[in-house]
Every structure is written in C-alpha cells, then in structure tokens.
There are 2 protein chains.
Amino acid sequence: MQKINLKEKLGRFTDLWSPKIVGELNGQHVKLVKLSGEFIWHHHEADDELFLVVKGRLCIKLRERDVWLQEGEFFIVPKGVEHKPVAEEETHVLLFEPISTLNTGDQRNERTVEKLEWV
Amino acid sequence: MQKINLKEKLGRFTDLWSPKIVGELNGQHVKLVKLSGEFIWHHHEADDELFLVVKGRLCIKLRERDVWLQEGEFFIVPKGVEHKPVAEEETHVLLFEPISTLNTGDQRNERTVEKLEWV
C-alpha cells in the first residue's frame, strides 16, 4: 500500500532488457524496463502484453508492420502474436502483463530473465 | 491492434467521473477518466484497482490516511479497501482493473456508470 513514482523507480536500476516489478494486482504485474537496441522475435502463448512508453521511443516490430510508440503511447500485443521490440535510443517502458509472463515468451535463451525482481 | 495515444484519447471526451475504455488485455481493462471534486466512499469486493495520474493531482482518501498522487505516480487500492478519490483540480487518470469492475464498487447510485464506453 505504497504509492509508486515511476521516475524514482527507474532511477534505481540501469540494466537493460531486465523488467523489474513495481506493482501487482488481479494476477497481473506492473513492470518497468529499460530498453536499448534489438530484442529477439518471440510471442506469448497465453498472455496479452501492454507496452506504455514512459521515456524515449519504441518500435514494436510485428511480422507485417512496425508500430512506433512515443512517450504517452501504448500498444497491446495480443497473445500468440510474434513481436520484436527495438529501441534506437535508451527507452523506458511500463509493462502490464500476467504474473506468469516470461520476457522472451516461447524462447528461452541468454535474454531470458527467469526470476523477476521487485524494485 | 492500434496504438493508443493517451492525450489524443483524453481529447475525445469532457465528462467527469465517467471512465472510458481504451484497451483490453487478459480480462482487464485500461481506462481513462477525468476527475474533479469529490467522489463517494466505496470499495471493490473482488478487484484491485490501479490509479496512475497522467495530468493533475489526485488524493485517494483511505479510512486511515490520504495518498496524494502527482503526474507519473500510481497507487493500487487492494480489493476490499474503502477509498474515496478527490481532485482539487481537473485531473486525468489511467485506470487498470478487471473488466467486471464497477466504478462505484459496492455502491450503486447516480454516480454509477453501468455501461462503460470505448473512446
């Protein structure tokens, strides 16, 4: 039962592509993540995933098109849809997704964060 | 599968205390609402509720304390916890909560919005 200041929480970590939990409700997590460069193609079998840009600019590549997000814009990637986040500059993103969501979805490799931490 | 710009969506309505749906994922709704003045005391029996301030300043009164939120701050009201939102100026808030959540929770009166609309 604490309020959360997004900027303050973002100031607590510097690592990229490693989502940190900042809230939990109704079986969902609110996460913050810092992105820069390219991630991998993946999808989430059972989970929809929301990306809200807090700072910077994010490109969510889909197989048939690119979705560019500025600050104050969000996009929901429906379950099963392949996507690849790309950030040309360091970009800060808020994620809403089920507690069970794995960052690399159907892929498991060196980019996978098995155990998310609260920040 | 459209990106959502929060400011653009907020420009589409002017009514207060009437949440509009802007996204749906994993059985949850993302909503935007404009608040000014005082709401009623209520609680949600089964649903946690997230308030993220997009513009302005929000006071979420709890029985034992007040939680003040500025832009870029959020608070999760756990299920069962009585609360009363108060905004001294017009304040714009993003809500994240289950599809089934009623704005007035356990109360049903003239402030209740029975059928939420997408915007």
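What counts, and at which threshold
- Residues numbered from 1 in each chain as written.
- Chains lettered and ligands numbered in written order.
- Predicted model: local features only at pLDDT ≥ 70, side-chain atom pairs only at ≥ 80, totals over all residues.
- Helix = DSSP H or I, 4+ residues; strand = E, 2+ residues; numbered from the N terminus.
- Rg over C-alpha atoms; globule rule 2.2 N^0.38 Å.
- Buried ≥ 20, exposed ≤ 12 C-beta atoms within 10 Å, placed from the backbone.
- Contact = placed C-beta atoms within 7 Å.
- Pairing = 2+ DSSP bridges.
- Core = buried A, V, L, I, M, F, W, Y, C linked by C-beta atoms within 7 Å.
- Least-squares fit on C-alpha atoms with pLDDT ≥ 70 in both.

(A) Spotlight on the overall build of chain A. Secondary structure assignment for chain A yields 1 helix and 9 strands. Going from N to C terminus, chain A has its helices and strands arranged as β-α-β-β-β-β-β-β-β-β. Relative to its length of 119 residues, chain A is compact, with a C-alpha radius of gyration of 13 Å against a globular reference of 14 Å. Taken along the three principal axes of its C-alpha coordinates, chain A extends 40 × 30 × 25 Å. Evaluated residue by residue, chain A yields a buried proportion of 38% over its 119 residues. Within chain A, residue pairs in contact and separated by at least 24 positions form 67% of the contacts whose partners lie at least 6 positions apart.

(B) Representation of the interface of chain B and chain A. Taken together, the contact pairs 24 residues of chain B with 23 residues of chain A. Among the secondary structure elements, those contributing two or more residues to the side of chain B that touches chain A are strand E1 (4-5), helix H1 (6-10), strand E2 (20-25), strand E3 (28-38), strand E6 (66-69), strand E7 (73-77) and strand E8 (83-98) of chain B. For the side of chain B that touches chain A, the element with the most residues is E7 of chain B, which contributes 4 residues. Judged from the 2 bridges that link them, strand E7 (residues 73-77) of chain A and E1 of chain B form a sheet pairing that is antiparallel.

(C) Structural context of the nonpolar core. Leu50, Phe51 and Val93 of chain A together with Phe51 and Val93 of chain B are the most contacted members of the largest nonpolar core, which totals 48 residues. Other than its neighbours up to four places away in sequence, Leu50 of chain A contacts Phe74, Ile76, Leu95, Phe96 and Glu97 of chain A together with Gly23, Leu25 and Val30 of chain B.

(D) Quick peek at the environment of Val22 of chain A. All names here are of chain A. Its location among the elements puts Val22 in strand E2 (residues 20-25). According to the C-beta neighbour criterion, Val22 is buried, with 22 such atoms within 10 Å. Between the alpha carbons of Val22 and Arg63 there is a distance of 30 Å; along the sequence they are 41 residues apart. Aside from chain neighbours lying at most four places away, what touches Val22 is Ile4, Lys9, Val30, Lys31, Leu32 and Val119.

(E) Structural context of the relation of the copies chain B and chain A. For these two chains of identical sequence, chain B goes onto chain A by a turn of 180 degrees and a shift of 0.0 Å along the axis, with RMSD 0.0 Å. Expressed as an axis order, the relation between the two copies is that of a two-fold axis. Comparing interface residues between copies, 96% of those in chain B also lie at the interface in chain A; the contact surface is shared.

(F) Layout of the pairing of E7 of chain A. Residues and elements named next belong to chain A. Burial analysis of E7 places 4 of its 5 residues in the buried class, which makes it a mostly covered element. In this sheet, E7 lies alongside strand E4 (residues 49-55) in antiparallel orientation, the contact comprising 4 bridges. Pairing of Leu50 across the sheet is with Ile76, part of E7.

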